Amino acid sequence: MKNLKGLAMSASILLIGILGGTSAYAQRKPLDEALKRLDDNYKNLSTVRANVTMDRYESQLGDHDVSEGSVMLLPLKGRDPAFRADWVKPGNESLSVVNGEYIIWRANIRQAIHGLVKKATNNASAGNAFSFMSMSKEQLKTNYQPDYVELENLNGGKPAWHIRLTPRKAADFKVADIWVDVDGMPVQTKVTRKNGDSTTILLTNIKKTFR
């Protein structure tokens, strides 16, 4: 049951910018550019396929549970994206999320697990991370306080804008961090819960189609 409560929550925003100085304008400029590119990217996306790595961290144990596989994402206008993740490490398992509900399929034991993403603390928690991809710039600013952190390189990849999102209203997590690349594609998301547990999703080898 512990593993089941760890499979559904986790994916991602990257931005390139130069922080020139410490004025309020200099702090805002990369943030505004990052959110605009994220917004434009999502509006034009049809599908996304990528390799995915999910790292679920349990703060009390200091333990990392890492899963690897592939994902197909279908952006849906005005709703959280639908997606399917096929995990190959540490075991074979499939996760599908549509309309806020998830199904985990374990073929080796022919077991299906169903639930709501917002209540998930297991691999289905990946749905929470991917949900940030479906939000417009206005939605992000309405629901969260966005702050620009810095420009970073992820695993030797392209530079990405690191944005921190703090919920404006009560939420089941403390903070979310997203990394957005120059194309406006969220390539990494980290959702940190109030107890210090976190789920980080990294997308690599990304292939996109457009409307």
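It should be emphasised that the depicted structure is a prediction, and the values quoted were computed from it without experimental measurement. The residue numbering used here restarts from 1 in each chain and proceeds along that chain's sequence as written. With the structure being a predicted model, the display of local features is reserved for residues of pLDDT at least 70 and the display and counting of side-chain atom pairs for 80 or more, all residues being used for whole-chain, interface and lining totals. Only hydrogens and water are removed before side-chain values are computed, so all heavy atoms of the structure are retained for them.

**Focus: the overall build of the chain**
- Helix and strand assignments come from DSSP, with helices taken as H or I runs of at least 4 residues and strands as E runs of at least 2, each series counted from the N terminus. Within the chain, the secondary structure is distributed over three helices and 11 strands.
- Shown N-terminal to C-terminal, the secondary structure of the chain runs as helices and strands in the order α-β-β-β-β-β-β-α-α-β-β-β-β-β.
- Using a 1.4 Å probe on the protein chains alone, a residue whose accessible area is under 20% of its type maximum counts as buried, one over 50% counts as exposed, and one in between counts as partly exposed. The 211 residues of the chain split such that 48% are buried.
- Residue burial considers only the protein chains on display, and all accessible areas are found by Shrake-Rupley using a 1.4 Å probe. Carbon and sulfur atoms make up 51% of the accessible area of the chain, which totals about 10,800 Å².

**A look at the nonpolar core**
- Think of a nonpolar core as a cluster: buried Ala, Val, Leu, Ile, Met, Phe, Trp, Tyr and Cys residues, connected wherever their side-chain atoms sit within 4.5 Å. One finds V71, F83, L95, Y102 and L203 to be the most contacted residues of the largest nonpolar core, which totals 24 residues.
- Secondary-structure elements contributing two or more residues to this core are β1 (45–58), β2 (63–76), β3 (79–89), β4 (93–98), β5 (101–106) and β11 (198–210).
- Of all the elements, β1 adds the most residues to this core, at five residues.
- Counting residues in each nonpolar core, the second largest holds 17 residues, with F132, I163, A176 and I178 among its members.

**Observations concerning the pattern of salt bridges**
- Salt bridge, as used here: a side-chain nitrogen of Lys or Arg that lies within 4 Å of a carboxyl oxygen of Asp or Glu. Under the criterion given, the structure shown has 11 salt bridges.
- Among the ionic pairs, K36 bridges to D40, the shortest N-O distance being 2.9 Å. Of this pair, K36 and D40 are both found in helix α1 (residues 24–44), four residues apart, which corresponds to roughly one turn of the helix.
- For K36, a relative accessible area of 42% gives the class partly exposed.
- Classification of D40 as partly exposed rests on a relative accessible area of 31%.
- In this structure, R106 and E93 form a salt bridge, with 2.4 Å as the shortest nitrogen-oxygen distance. Of the two residues, R106 is situated in strand β5 and E93 in strand β4; the sequence distance between them amounts to 13 residues.
- Assessed through its relative accessible area of 16%, R106 is described here as buried.

**Some details on unusual backbone geometry**
- Along the chain, K89 connects to P90 via a cis peptide bond; the corresponding omega equals 5°.
- Here P90 lies in the loop between β3 and β4.
- The phi angle at R110 is positive, at roughly 50°, despite the residue not being glycine.
- As for its placement among the helices and strands, R110 is situated in the loop between β5 and β6 (111–116).
- In this structure, N205 is a non-glycine residue whose phi angle is positive, near 50°.

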